[in-house]
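# Structure at a glance
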Amino acid sequence: MAKLEILTIPDKVLKQESEPVETVDDELRAFMDDMLETMYAAPGIGLAGPQVGMLKRIATIDVAKRSADEEGAGEQEETTPDPIFLINPRVVWSSEEPSYYEEGCLSIPDYYAEVVRPASVVVEYLDREGAERELTAEGLLATCVQHEIDHLDGILFIDHLSKLKRDRVIKRFQKMKKAKVG
């Protein structure tokens, strides 16, 4: 396995829509394993294909550790990884009830903001072996799944904020990128 480079804003790839996966094969599974390793090392709880330059509808998610931390078990017990591999995911149902969660993103390092999303969703997808699956997600998992599917549609969590807040964040990252290049 290899760690991949995580793209950050204002990289244009992050705003592009991903193509559906046609074939689930060993090459795709190996790439998704690399995505998972990259996500864990970052550390993060979700990573979508576009964030590592792959414009395919794929994402990896593992909220097990974060969920344990929120329940107060993080320090005392080691949590078992519980990765989810989503291929061609799509939300087929979402609740009317809203959920407010302070989101962050590996492609927008060190920036967090409250985002409102449906509190629960049902998602259809192909798993790591190419089998059709359905996932009912609530709480943090629902937020994470929606966040990653947004990436596949070229949407960043800051796109859910006011134009003023979004523009400030983008401007800050453009300045940082120029400073690194210059």
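The structure presented is a predicted model; accordingly, all values stated were derived computationally and were not measured.

What counts, and where the lines are drawn
Residues numbered from 1 in each chain as written. Predicted model: local features only at pLDDT ≥ 70, side-chain atom pairs only at ≥ 80, totals over all residues. Heavy atoms only, no water. Helix = DSSP H or I, 4+ residues; strand = E, 2+ residues; numbered from the N terminus. Rg over C-alpha atoms; globule rule 2.2 N^0.38 Å. Contact = heavy atoms within 4.5 Å. Areas by Shrake-Rupley, 256 points an atom, 1.4 Å probe, with all protein chains shown as cover. Lys, Arg positive; Asp, Glu negative; His and termini not counted. Charge placed at Lys NZ, Arg CZ, Asp CG, Glu CD. Buried < 20%, exposed > 50% of the residue type's maximum accessible area, 1.4 Å probe, protein only. Pairing = 2+ DSSP bridges. 1 Å grid on protein atoms, 1.4 Å probe; cavity = no way out; pocket = protein on both sides within 12 Å on 5 of 7 lines; lining within 4 Å. Points joined across faces, edges and corners; volume = space filled by probe spheres on them. Nonpolar A, V, L, I, M, F, W, Y, C, P; charged D, E, K, R; others polar. Salt bridge = Lys/Arg side-chain N within 4 Å of Asp/Glu carboxyl O.

## Overview of the overall build of the protein
Secondary structure assignment for the protein yields four helices and seven strands. Put simply, the protein runs from its N terminus to its C terminus through helices and strands in the order α-β-β-α-β-β-β-β-β-α-α. Here the C-alpha atoms of the protein give a radius of gyration of 16 Å, agreeing with the 16 Å that 2.2 N^0.38 yields for 182 residues. Dimensions along the principal axes, computed over C-alpha positions, put the protein at roughly 45 × 35 × 35 Å. Summarising the internal contacts of the protein: among those between residues at least 6 apart in sequence, 68% fall at separations of at least 24. For the protein, the accessible area works out to roughly 10300 Å², and carbon and sulfur atoms hold 48% of it. Positive and negative side-chain charges of the protein, numbering 22 and 36 respectively, have mean locations separated by a distance of 12 Å.

## Examining the pairing of strand S2 (residues 58-61)
Walk down a regular strand and you will see the side chains alternate between the two sheet faces. Neither face of S2 is exposed, since Ile58 and Thr60 on one face and Ala59 and Ile61 on the opposite face are all buried. Note that strand S1 (residues 46-48) and S2 share three bridges and pair antiparallel. Each bridged residue has a counterpart across the sheet, and for Leu47 the counterpart in S2 is Thr60. Sheet topology places S2 next to strand S3 (residues 84-94); four bridges connect them, and they run antiparallel. Each residue of the ladder has a partner; that of Ala59, found in S3, is Leu86.

## Looking at the pairing of strand S5 (residues 108-118)
Sheet analysis places strand S4 (residues 98-105) next to S5, joined by seven bridges and oriented antiparallel. Residue pairing for S5: Tyr101 is matched across the bridge by Val115. Here S4 folds back onto S5, and the loop between the two strands holds two residues.

## Quick look at the layout of surface pockets
Roughly 410 Å³ of internal volume is contained in the largest pocket. Every residue lining the largest pocket is counted, 22 residues in all, and those nearest its centre are Ile45, Arg66, Gly104, Cys105 and Tyr112. At the level of secondary structure, the elements contributing two or more residues to the lining of the largest pocket comprise S4, S5 and helix H3 (139-152). At six residues, H3 tops the list of elements feeding residues into the lining of the largest pocket. Split by residue class, the lining of the largest pocket holds 10 nonpolar, seven polar and five charged.

## Topic: the pattern of salt bridges
Taken as a whole and assessed by the stated rule, the structure comprises 11 salt bridges. Ionic pairing is found between Arg128 and Asp33, a salt bridge with its closest N-O pair at 2.6 Å. Residue Arg128 is found in the loop between strand S6 (120-126) and strand S7 (132-138), and its partner Asp33 is found in helix H1 (residues 26-41); the two are separated by 95 residues along the sequence. Look at Arg128 and you get partly exposed, because its relative accessible area is 26%.

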